[in-house]
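Observations on chain architecture
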Amino acid sequence: MKRKLFGIIFIAVLAVTMSAFAVFDLDNAERRLCEAGVYDMLSDELIEMYEREIAGEQIVSNKTATQLERTAGRLGIEVKKLKAIMLLQDLASKVSNDISLSELAAMSDIKLLGFFKQNGEAYLDTLSEERRQELKQMLSDTLKMPIKF
C-alpha cells in the first residue's frame, strides 16, 4: 500500500497522464503531455504544500520571477518545468540521490516520471503509515480530487 503513495506531489497527475498517453502512443507521449498542460497543474498552493510538509524550507517560492526565468533559459526549459524539477531535486536529496538541475532538465518527461517514482517510493519508505495518510489527505485537498493509494 505504501508503495502506491508515490503520488505525494504534483507528479501524481503527471503519472496518470503519462500512463494514459504511453499506453496508446509511446513515441508521442512526451509531446502530448506538454500539450495537455500537466505542468500547469503545479499550482502555487501545491508548491507551498510541498515546501511546508516535505521540504521544510522554501525551494521555489523564495525565487523571483527573474531568477526562475534566467535559470529556465539557461537550462533550455520552461519555467513551469523548472519549478517541477526543483521540487524533484529536493525530493531526491531526501533519499541521498543527489542530481543536478541540468541532469533533470535533460531528462524526458517519461524519464522524470520514472525518477520521481523511484525517489518517491524511497522517501515514502522513511515515513510512518500515519504520516503517509496525512500527506495523502493534504494532497487530495490541494489537488481537489481524491487520491487513491
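Residues numbered from 1 in each chain as written. Predicted model: local features only at pLDDT ≥ 70, side-chain atom pairs only at ≥ 80, totals over all residues. Heavy atoms only, no water.

1. Digging into the pattern of salt bridges
This model, assessed by the stated rule, comprises seven salt bridges. Here E121 makes a salt bridge to K117, at a shortest N to O gap of 2.8 Å. Here K117 and E121 lie together in helix α7 (residues 109-124), a separation of four residues that amounts to about one turn. The class of E121 is buried, set by a relative accessible area of 13%. The salt bridge involving R132 is made with E129; its shortest N-O contact spans 2.8 Å. Separated by three residues within a single helix, R132 and E129 lie in helix α8 (residues 129-143), roughly one turn from each other. Residue classification places R132 among the buried positions, given a relative accessible area of 6%. Judged by its relative accessible area of 38%, E129 falls in the partly exposed class. One network of salt bridges, in which partners are shared, links R52, E53, R131 and E134. (Salt bridge = Lys/Arg side-chain N within 4 Å of Asp/Glu carboxyl O. Helix = DSSP H or I, 4+ residues; strand = E, 2+ residues; numbered from the N terminus. Buried < 20%, exposed > 50% of the residue type's maximum accessible area, 1.4 Å probe, protein only.)

2. Things to note about the environment of T126
Here T126 is to be found in the loop between α7 and α8. We classify T126 as exposed; its relative accessible area is 55%. Once the C-alpha coordinates of T126 and V95 are considered, the two residues, 31 residues apart in sequence, prove to be 8.7 Å apart.

3. Brief notes about the packing of helix α3 (residues 44-55) against helix α5 (residues 79-93)
Packing of α3 against α5 leaves a shortest axis separation of 12 Å and a crossing angle of 10°. In terms of axis orientation, α3 runs roughly parallel to α5. In the packing of α3 onto α5, the handedness of the crossing is left-handed. Contact residues: α3 offers D44, I47, Y50 and A55, while α5 offers K83, L87, D90 and L91. When its residues are assigned to classes, the contact of α3 with α5 shows five nonpolar, no polar and three charged. (Axes fitted to C-alpha atoms, helices over the stretch in contact; angles between N-to-C directions. Parallel < 35°, antiparallel > 145°, perpendicular 65-115°, else oblique. Left-handed = near helix turned anticlockwise from the far one by under 90°. Contact = heavy atoms within 4.5 Å. Nonpolar A, V, L, I, M, F, W, Y, C, P; charged D, E, K, R; others polar.)

4. A word on α5
Between its first and last C-alpha atoms α5 spans 21 Å; for 15 residues at 1.5 Å apiece the expected length is 21 Å, and the two agree. Every buried residue of α5 is listed here: K81, L82, A84, I85, M86, L87, L88, D90, L91 and A92. Residues of α5 that are buried make contact with α3, α4 (65-75), α6 (101-106) and α7. (Expected span 1.5 Å × (residues − 1).)

5. Some remarks on the packing of α3 against α8
Two elements in contact, α3 and α8, have axes separated by 10 Å at closest approach and are oriented at 165°. Taken together, the axes of α3 and α8 are roughly antiparallel relative to one another. For the element pair α3 and α8, the recorded crossing hand is right-handed. Within the contact between the two elements, α3 uses E45, L46, M49, E53 and I54 and α8 uses R131, L135, M138, L139, T142 and L143. The residue inventory of the contact of α3 with α8, partitioned by class, reads seven nonpolar, one polar and three charged.

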